[in-house]
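What follows is each chain in one-letter form.
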Amino acid sequence: MGKLIYVTNVSLDGYIEDDRGAFDWFLIGDEVFAFHTDLLRSVGTCLYGRRLYEAMAVWETDAALAAQSDLMADFASAWQAASKVVYSTTLAAVSTADTRLERRFDPAAVRELKAAAGSDLTVGGANLATQAFQAGLVDECRLLVLPVVVGGGKPGLPTGMRTDLELLDERRFRNGVVHLRYRPLGQ
């Protein structure tokens, strides 16, 4: 059985994008990028909302990204190796291999996916993660907190609900980014 892990980069004030919808302040550096790659290598399936999928699909559709450095090539390889499930009511088709399009988030289907998984799964995209939290499906929450305050935007964690968390691990990177790994209590 695989764990469902919510992984996201957030500003110090908890946003994944600023009030303009931008995330150009995600200057994570090589050390954090390599950390993301290692995490992705341990994952068998990534669950994405449409917007995050479209942003990530370039790791397969744009070969120039992987050609920029060994670090980028490693990430592209890890991303392409994972299966993807994209939840969208508006996306006409997916543009990457080993990717399935679902029109709605079905908690029972995700429970079955977790039960059958030989490795962990990630959920990405704040709206999709909120649905997974509400359904009690998230087994871990991994936040990479960037040393920037953006003052508003899209929250990285669910709003309108309470989830108590237990800190499992923390790591500080040289560039000021902090990785926090939590487990929802009661799981």
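Up top is the structure.
Now for a description of the structure that goes with this document. Given the structure is predicted, the values throughout are model-derived calculations rather than measurements.

**Quick look at the overall build of the protein**
Then step 1. For the protein, the count of helices and strands is seven helices and ten strands.
Then step 2. Scaling as 2.2 N^0.38, a compact globule of 187 residues should have a C-alpha radius of gyration of about 16 Å, and the protein matches this with 16 Å.
Then step 3. Dimensions of the protein, computed from the C-alpha atoms along their principal axes, are close to 40 × 40 × 30 Å.
Then step 4. The buried share among the 187 residues of the protein stands at 43%.
Then step 5. Here the contacts in the protein between residues at least 6 apart in sequence split such that 71% fall between residues at least 24 apart.
Then step 6. Taken as a whole, the protein presents about 9500 Å² of accessible surface, with 50% of it coming from carbon and sulfur.
Then step 7. Positive and negative charge centroids in the protein, built from 19 and 24 side chains respectively, lie 4 Å apart.

**A few points about the pairing of strand E9 (residues 165-172)**
Then step 1. As paired elements, E9 and strand E10 (residues 178-184) share seven bridges and run antiparallel to each other. Its bridge partner lying in E10, Asp169 is registered against Arg181.
Then step 2. Between the antiparallel neighbours E9 and E10 lie five residues, among them Gly176 with a positive phi of about 95°.

**Observations concerning the sheet that holds strand E6 (residues 120-124)**
Then step 1. On the basis of which strands lie adjacent, the open sheet formed by eight strands has the order E5-E4-E3-E6-E1-E7-E10-E9 and mixed pairing. Looking at which strands have only one partner, the edges of the open sheet turn out to be strand E5 (99-102) and E9. Averaged over all pairs of adjacent strands, the angle between strand axes in this sheet comes to 20°, irrespective of strand direction.
Then step 2. Pairing analysis gives seven bridges linking strand E1 (residues 4-11) to strand E7 (residues 140-146), with the strands arranged parallel. Considered in E7, the bridge of Val7 is made with Arg142.
Then step 3. Sheet contacts for helix H7 (residues 126-134): E1, strand E3 (43-49), strand E4 (83-87), E6, E7 and E10; angle to E6, the most-contacted strand, approximately 125°.

**Quick look at the layout of surface pockets**
Then step 1. As a volume, the largest pocket reaches approximately 1300 Å³.
Then step 2. Lining the largest pocket are 47 residues, with Asn9, Phe26, Leu52, Ala55 and Met56 positioned closest to its centre.
Then step 3. Considering each element in turn, the lining of the largest pocket owes the most residues, six residues, to helix H1 (residues 29-41).
Then step 4. For the lining of the largest pocket, the per-class residue count stands at 26 nonpolar, 14 polar and seven charged.

**Section: the packing of aromatic side chains**
Then step 1. Throughout the structure, instances matching the rule amount to eight aromatic pairs.
Then step 2. Pairing Phe33 with Trp59 gives two aromatic rings, centres 5.9 Å apart and planes at 45°, and the pair type is tilted. Of the two residues, Phe33 is situated in helix H1 and Trp59 in helix H3 (residues 58-61); the sequence distance between them amounts to 26 residues. Across the pair, Trp59 and Phe33 agree in class, each one buried.
Then step 3. Both rings, one in Tyr87 and one in Phe105, keep their centres 5.5 Å apart while their planes meet at 65°; by these two values the pair is edge-to-face.

Calculation rules
Residues numbered from 1 in each chain as written. Predicted model: local features only at pLDDT ≥ 70, side-chain atom pairs only at ≥ 80, totals over all residues. Heavy atoms only, no water. Helix = DSSP H or I, 4+ residues; strand = E, 2+ residues; numbered from the N terminus. Rg over C-alpha atoms; globule rule 2.2 N^0.38 Å. Buried < 20%, exposed > 50% of the residue type's maximum accessible area, 1.4 Å probe, protein only. Contact = heavy atoms within 4.5 Å. Areas by Shrake-Rupley, 256 points an atom, 1.4 Å probe, with all protein chains shown as cover. Lys, Arg positive; Asp, Glu negative; His and termini not counted. Charge placed at Lys NZ, Arg CZ, Asp CG, Glu CD. Pairing = 2+ DSSP bridges. Axes fitted to C-alpha atoms, helices over the stretch in contact; angles between N-to-C directions. 1 Å grid on protein atoms, 1.4 Å probe; cavity = no way out; pocket = protein on both sides within 12 Å on 5 of 7 lines; lining within 4 Å. Points joined across faces, edges and corners; volume = space filled by probe spheres on them. Nonpolar A, V, L, I, M, F, W, Y, C, P; charged D, E, K, R; others polar. Phe/Tyr/Trp six-rings, centres within 6.5 Å; stacked < 30°, edge-to-face > 60°.

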